[in-house]
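Fold and contact review
In case you want the letters, here they are:
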Amino acid sequence: MCGIVGYIGEKQAKPILLNCLSHLEYRGYDSCGIAVSAGGLEVYKDAIRVQALEKTLPKKVNGKIGIGHTRWATHGEPSQVNAHPHCDCSGRIAVVHNGVINNFQKLKQQLSSEGHRFISETDTEVIPHLIEKYYDGDLAKATELALREVEGSYAIAVLVADEPKLVVARKDSPLIIGIGDRENFVASDVPAIMDYTNRVLYLEDGDLGVVTPEDIRVSRHGVAVDRERHEISWSIEDAQKGGYAHFMLKEIHEQPKVIRDTIGGYLSVTEPIASLTMAGDTLLPDMLILACGTSYHAALIGKYILEQLLRVSVRTELASEFNYSGQISSGSQAIVITQSGETADSLKAIKRLKEEGCPVIVITNVVGSTASRIADQVVYTRAGPEISVAATKSFTAQLMALYWLALPYAKIDIRRLDSLIMGLRQLPGKVQQVLDNEAVISEYARQLSKYKNIFFISRGVNFPVALEGALKLKEISYIHAEGYAAGELKHGSFALLGSGTPVVAIVAQDNTYEAMLTNIKEVKARKSPVMALVEEGDEVVEEVADSVIALPQVDALFSPVVNTVALQLLAYYTAKERGCPIDFPRNLAKSVTVE
Ligand code: F6R
């Protein structure tokens with residue numbers, strides 16, 4: 001998704017902007033650009049990577065104020081002309097933007113009739129022209145007037161050649177200001193500026209900021225507001241690869257620590273991490289869990305966890321679909337899961353839930369994210385920055401949060417509760433055992449990498465693990481993969497089975513075991529090679545399957561954790577064998593801030 005950076009201070013802006021942009025590459029992008037001001041504007045941009053742009057720049061680009069952008073195309077193909085920054089007619093105002101301007105066609109027509117000339121297909125280009133229309137020597141005022149006409153979402157940074165300041169604003173897209181010493185920074189995300197400062201200020205929806213080297217002023221509708229300064233506790237090393245070939249592999253390996261950190265943060269099981277009850281101790285009768293992508297798979301597992309432990313009925317929905325059809329009964333409790341806290345569909349769902357009076361607990365990984373600020377209650381996962389586009393450690397941390405959310409309300413006897421808590425505390429070690437088996441998994445991945453289509457099947461609490469295993473494989477290795485409830489395969493998809501279509505079967509030691517065994521035999525009878533994930537010591541499945549990955553024994557309720565880690569490694573090594581760009585898969589973005 002688009003990334004924004006900005007610099008104002010005593011140093012040359014060009015190298016700082018390029019460095020900040022390189023730290024935003026993990027968001028996924030197709031074009032990039034910078035604008036630097038030293039009395040006149042110099043704009044450089046193209047549909048290329050940041051490193052390639054750097055090579056095309058003149059050695060001397062003078063200017064101590066600048067803005068930069070990585071673009072992920074929404075309106076108009078990736079091209080030089082559509083890349084940001086965008087300028088007004090005079091070429092003295094430059095804007096970088098993340099978000100979508102819904103009424104840009106209307107604004108474009110109107111501005112064109114007033115003599116403004118547009119050169120790109122983007123929605124963004126209306127912003128510099130609107131600012132130009134209102135500009136009479138005060139950039140902040142002109143930006144405020146311009147934004148009054150804009151409908152949609154935006155985080156913007158604006159520069160005018162005539163004034164030594166940056167003007168920034170946000171609505172429904174993230175934007176932060178980094179605080180330096182006689183210099184300040186602007187960014188859509190913290191990793192962009194971590195080489196320079198760990199002190200940040202989060203803008204809120206409707207805020208407009210004026211940034212100079214010495215000063216940051218934030219206002220809403222012309223009235224000054226104070227925004228709290230935060231200190232970022234993670235280091236730049238946390239956001240870098242730490243010796244691993246890819247961020248994804250590093251993040252997979254961080255999972256024992258992530259589990260420890262996340263459950264360590266939720267000290268007591270008697271004190272809930274968020275209240276699932278409104279008043280008194282009665283659980284709300286209807287629970288609803290919403291999310292997108294991998295977080296949705298965590299939501300599906302959450303349904304099994306909450307239903308099994310709390311004996312309540314839980315509904316799960318994709319946030320994007322809920323926004324069209326989902327009904328909310330009064331007395332419902334909603335949980336929205338989002339790693340980034342910025343996913344547009346999830347934010348829209350939260351806003352709708354709140355409008356209808358439904359209390360919302362957000363499970364998110366990003367402190368200060370939009371979701372965390374609009375939720376009634378927030379449960380933070382402690383996964384640290386997740387750079388790889390494919391979510392891994394954040395998913396595991398989400399599961400930890402769901403277990404911990406459910407345990408204080410669990411309607412189970414004390415011995416079972418004790419054994420679950422002990423099981424949770426042992427999970428980091430169990431996950432480490434899976435990681436220690438990496439060499440075996442990578443050998444299986446080498447075999448899988450030759451196929452074009454792969455099915456993942458399971459039942460019960462591991463059915464969402466099959467979905468997640470398939471998603472991970474397809475997004476980074478580009479092999480077509482489908483996750484299926486094992487019982488559903490014979491209702492149509494059996495037609496695709498055969499020796500060229502392997503099936504990965506996830507077999508847990510729970511009430512699904514016998515049915516899974518039957519399903520594996522059915523698949524084998526159609527000649528599909530079967531790779532099974534089993535609990536160590538399971539000789540029965542080993543007899544039937546072509547190959548097995550043996551995983552440490554855990555309570556079946558926690559089996560999604562160890563199974564998913566194994567499937568993450570399987571996807572990673574399959575993609576590696578195929579030479580794919582693992583951390584930045586084609587067409588994908590880390591944070592999906594458009595609907
Ligand atoms: C897949 C992946 C995505 C995200 C989805 C939701 O590996 O990362 O499917 O899970 O875009 O993102 P968040 O959790 O930030 O709302």
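Before any of the text, the structure's been laid out above.
Parameters at a glance
The residue numbering used here restarts from 1 in each chain and proceeds along that chain's sequence as written. Side-chain atom pairs in this predicted model are given and counted only at pLDDT of 80 or more, local residue features only at pLDDT of at least 70, and totals for whole chains, interfaces and linings cover all residues. Hydrogen atoms and water are omitted, and side-chain values are computed over all heavy atoms in the structure. Here, any two strands with at least 2 DSSP bridges between them count as paired. By the criteria applied, helices consist of DSSP H or I runs no shorter than four residues and strands consist of E runs no shorter than two, each listed in order from the N terminus. Axes here mean lines fitted to C-alpha atoms, for a helix over just the part in contact, with angles spanning 0 to 180 degrees between N-to-C directions. The contact definition used throughout considers only heavy atoms, calling two residues in contact when any of these lie within 4.5 Å. Distances are taken per atom, and a residue is near a molecule or strand as soon as one of its heavy atoms is within 4 Å of it. In the analysis that follows, any N or O atom pair within 3.5 Å is treated as a polar contact, provided that within protein one partner can donate a hydrogen and the other can accept it, and provided that, for residues neighboring in sequence, both atoms belong to side chains. Per-residue and other accessible areas follow the Shrake-Rupley method at a 1.4 Å probe size, with only the shown protein chains counted as cover for residues. Working definition: a disulfide is two cysteine sulfur atoms within 2.5 Å of each other. Categorising residues by exposure relies on relative accessible area from a 1.4 Å probe, with only protein chains included: less than 20% of the type maximum marks a residue as buried, more than 50% marks it as exposed, and the intermediate range marks it as partly exposed.

Considerations on the sheet that holds strand S23 (residues 503-506)
- Pairing is parallel across the open sheet formed by five strands, whose spatial order is S22-S21-S23-S24-S25. In this open sheet, the two edge strands, each paired with only one partner strand, are strand S22 (480-485) and strand S25 (547-551). Strand-to-strand twist across the sheet, computed as the mean angle between neighbouring axes with direction ignored, equals 20 degrees.
- Sheet topology note: the strand S24 (residues 530-535)/S25 ladder contains five bridges and is parallel. In the sheet register, Ala532 faces S25, and the bridge partner there is Val548.
- Strand contacts of helix H16 (residues 513-525): strand S21 (453-458), S23 and S24, with the helix running at about 170 degrees to S23, the strand carrying the most contacts.

A short note on the sheet that holds strand S18 (residues 332-338)
- Ordered in space as S17-S16-S18-S19-S20, the five strands form an open sheet in which the pairing is parallel. The strands lining the two open edges of the sheet, one partner per strand, are strand S17 (313-318) and strand S20 (377-380). Pairs of neighbouring strands in the sheet enclose a mean axial angle of 20 degrees, with direction left out of account.
- With five bridges joining them, S18 and strand S19 (residues 360-364) adopt parallel strand pairing. Each bridged residue has a counterpart across the sheet, and for Ile335 the counterpart in S19 is Ile361.
- Sitting on the sheet, helix H10 (residues 344-355) touches strand S16 (286-291), S18 and S19, and the angle it makes with S18 is about 160 degrees.

Let's talk about the site of the ligand
- Every one of the 14 residues lining the ligand counts as a neighbour, but Ser295, Thr338, Ser340, Thr343 and Glu475 are closest to it.
- Measuring from an oxygen atom of the ligand, one finds a side-chain N or O atom of Ser295 at 2.6 Å.
- Relative to its free-state accessible area of 410 Å², the ligand is covered by the protein chains to the extent of 89%.
- It is helix H8 (residues 293-310) that contributes the most residues to the shell around the ligand, three residues altogether.

Topic: the side chain of Ser458
- Tracing the backbone through its elements, the reader meets Ser458 in strand S21.
- Engagement of the side chain of Ser458 in a polar contact is seen with the backbone oxygen of Ile506, the distance being 2.7 Å.
- The contacts of Ser458, once residues within four sequence positions are left out, are Phe463, Ala466, Tyr484, Ala485, Ala486, Ile506 and Met516.

A short note on the state of the cysteines
- As enumerated under the stated definition, the model contains zero disulfides in all.
- Looking at the unpaired Cys87, the closest cysteine sulfur is the one in Cys89, lying at 10 Å.

Concerning the environment of Gly460
- Structurally, Gly460 can be placed in the loop between S21 and helix H15 (463-477).
- Its relative accessible area of 22% is what places Gly460 among the partly exposed residues.
- For the pair formed by Gly460 and Leu208, sequence separation is 252 residues and the distance between their alpha carbons is 49 Å.
- Aside from chain neighbours lying at most four places away, what touches Gly460 is Tyr304 and Thr512.

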